[in-house]
Amino acid sequence: MGKISEHVFRVVNSASLAGWYKTVMGMQVTEDASAKTWTAFYPGEGVKLVFQEVASKGTTYKSNRDSCYWKIGVTVSDVDLAREKIMAAGTQVSVPNQFLDVGYLCHLADPNGFTIELLQHTFKQNFVKPIPDPSLALGQTAVIGQITTRSQDIEASLGLYRDTLGMKLLSIQDISDYGFCLYFLAFTAENPPDQDLTSTKNREWLWQRPYTTLEIQCRPGQRCVPMDKEGEGVDHITMEVEDYANIMTKLKADQSATSFQDPDGVQLKLQSASS
């Protein structure tokens, strides 16, 4: 089975940023001194965040609504508690709200400006408060549940991620009131509870998955600026895929390069799931 294995960022002060993810977000961190990288992750099946050190004289990262990249999502059982813990550690977090019939959520930025969404396992009206775990930074376990990108041509995106790389489309969420639609894909053998992928019944189930999904926001007329390669920013997303050789042939890609951009400029690196 394939998986989304690494989400790689280029950052200044990678050690300090990794320390923030450990202290504030409760992730485990490791250092690879020879590669000048730090890795942050929650135990389990979710993606690992990799912070590559770059020179401070380069451009700094600024979140951009026109970028093909948006955010990561951290899923928890109690968003209010997670927010309380993060605020107590000195980081500002927006006020949580039940966003339509999508989820109970709020947002923050890490010290380098990368956006994080906190998303609750259940809708606000279905919430049953769990017993907090004082040994954990957020008072509870957490998963990096989403990496969110943007697309101006969802059929081209699905042609790559679903039809070529082998991800499964788990949910389609039409947010027409705000002019966009969300598509969620993952490397998984699981099926959502309702075969109708637009059903709201699938959403709380989706927020409780132990693995990372790819969330693609598609807005008609959306401008998508590709990922750059200089200064601070998102470097690439690594995916492990089955049938690697055939996939690279389908993509007409150089198998020695392993790295390419999706139709909207998201930089991907593919590896064999068996390697």
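Structure: above.
This section reports on the structure supplied with the text. (Residues numbered from 1 in each chain as written. Predicted model: local features only at pLDDT ≥ 70, side-chain atom pairs only at ≥ 80, totals over all residues. Heavy atoms only, no water.)

**Looking at the pairing of strand S15 (residues 267-272)**
Link 1 in the chain: Across five bridges, strand S13 (residues 233-241) lies against S15 in parallel orientation. Note that in S15 the partner of glutamate 240 across the bridge is glutamine 271.
Link 2 in the chain: Relative to S15, strand S14 (residues 259-261) is paired through three bridges, and the arrangement is antiparallel. Along S15, the bridge assignment pairs glutamine 261 with glutamine 267.
Link 3 in the chain: Hairpin geometry of S14 and S15 is characterised by an intervening segment of five residues between the two adjacent antiparallel strands and by a positive phi of about 100 degrees at glycine 265. (Pairing = 2+ DSSP bridges. Helix = DSSP H or I, 4+ residues; strand = E, 2+ residues; numbered from the N terminus.)

**Thoughts on the pairing of strand S3 (residues 37-41)**
Link 1 in the chain: Most of S3 is tucked away: four of the five residues are buried.
Link 2 in the chain: Across five bridges, the pairing between strand S2 (residues 28-32) and S3 is antiparallel. Directly across from threonine 30, in S3, lies its bridge partner threonine 39.
Link 3 in the chain: In this antiparallel pair of consecutive strands, S2 and S3, the connection spans four residues, and lysine 36 shows a positive phi of 55 degrees.
Link 4 in the chain: Between S3 and strand S4 (residues 48-53), which pair antiparallel and follow one another directly, the connecting turn spans six residues, one of which, glycine 44, has a positive phi of 120 degrees. (Buried < 20%, exposed > 50% of the residue type's maximum accessible area, 1.4 Å probe, protein only.)

So, to be careful, I would describe these as geometric facts and stop short of saying anything about function.
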